[in-house]
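Working through the structure, step by step
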Amino acid sequence: MDLIEIKRRERLSREAAAERLRTLADSLARHNELEFVEGATRFRVDVADEIELEVELEVGTDGAELEIELKW
């Protein structure tokens, strides 16, 4: 299969970002797949029972960045 990559950058309120993360977490907890929509195309990705979670926090004088990466 060819590589499919979806990247999206948006400016959201803190509360809206938290809601997006909750939706993703609920999907991981309840289902064995994640769903992404890009335009008119819908992608479903199967998720393994065990995943690798990496969390990285960078704090500097010009701001902060939190990266959350899931691999399976």
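1. Some thoughts on a nonpolar patch on the surface
- Together, L21, L24, L53, V55, L57, V59, L66 and I68 give the surface a local cluster of nonpolar side chains, amounting to about 810 Å² of exposed area.
- When residues of the nonpolar patch are traced back to their parent elements, those giving at least two are α1 (14-30), β3 (52-60) and β4 (63-71).
- The element best represented in the nonpolar patch is β3, accounting for 4 residues.
- Position of L24 relative to the elements: it lies in helix α1.
- For L24, a relative accessible area of 32% puts it in the partly exposed group.

2. Details of the pairing of β4
- One ladder, built from 9 bridges, connects β3 with β4; its direction is antiparallel. Opposite V59, over in β4, you have A64 as the bridge partner.
- Between β3 and β4, which pair antiparallel and follow one another directly, the connecting turn spans 2 residues.

3. Comments concerning the pairing of strand β2 (residues 41-46)
- Pairing geometry for strand β1 (residues 33-38) and β2, over 6 bridges, is antiparallel. Looking at the pairing, L34 lines up with V45 of β2.
- Counting the residues that bridge the hairpin from β1 to β2 gives 2 residues, and of these G39 lies at a positive phi of roughly 65°.

4. Quick notes on the confidence of the model for the protein chain
- For the protein chain, per-residue confidence averages 92 on the pLDDT scale, and residues scoring 70 or more make up 99% of the total.
- Per-element confidence in the protein chain ranges from a low mean pLDDT of 87 for β1 to a high of 98 for β3.

5. Looking at the environment of V55
- Within the secondary structure layout, V55 lies in strand β3.
- On the accessibility criterion, V55 (54% relative accessible area) is exposed.
- Remark: the alpha-carbon pair of V55 and L66, spanning 11 residues in sequence, is separated by 7.3 Å.
- V55 has contacts with L66 and E67, leaving out every residue within four places of it along the chain.

6. Considering the environment of A16
- Here A16 shows up in helix α1.
- Separated by 42 residues in the primary sequence, A16 and E58 have C-alpha atoms spaced 22 Å apart.

Each value, and the rule that gives it
- Residues numbered from 1 in each chain as written.
- Predicted model: local features only at pLDDT ≥ 70, side-chain atom pairs only at ≥ 80, totals over all residues.
- Heavy atoms only, no water.
- Patch = residues over 30% accessible without salt bridge, like charges linked within 9 Å, V, L, I, M, F, W, Y side chains within 5 Å.
- Areas by Shrake-Rupley, 256 points an atom, 1.4 Å probe, with all protein chains shown as cover.
- Salt bridge = Lys/Arg side-chain N within 4 Å of Asp/Glu carboxyl O.
- Helix = DSSP H or I, 4+ residues; strand = E, 2+ residues; numbered from the N terminus.
- Buried < 20%, exposed > 50% of the residue type's maximum accessible area, 1.4 Å probe, protein only.
- Pairing = 2+ DSSP bridges.
- pLDDT = per-residue confidence, 0-100.
- Contact = heavy atoms within 4.5 Å.

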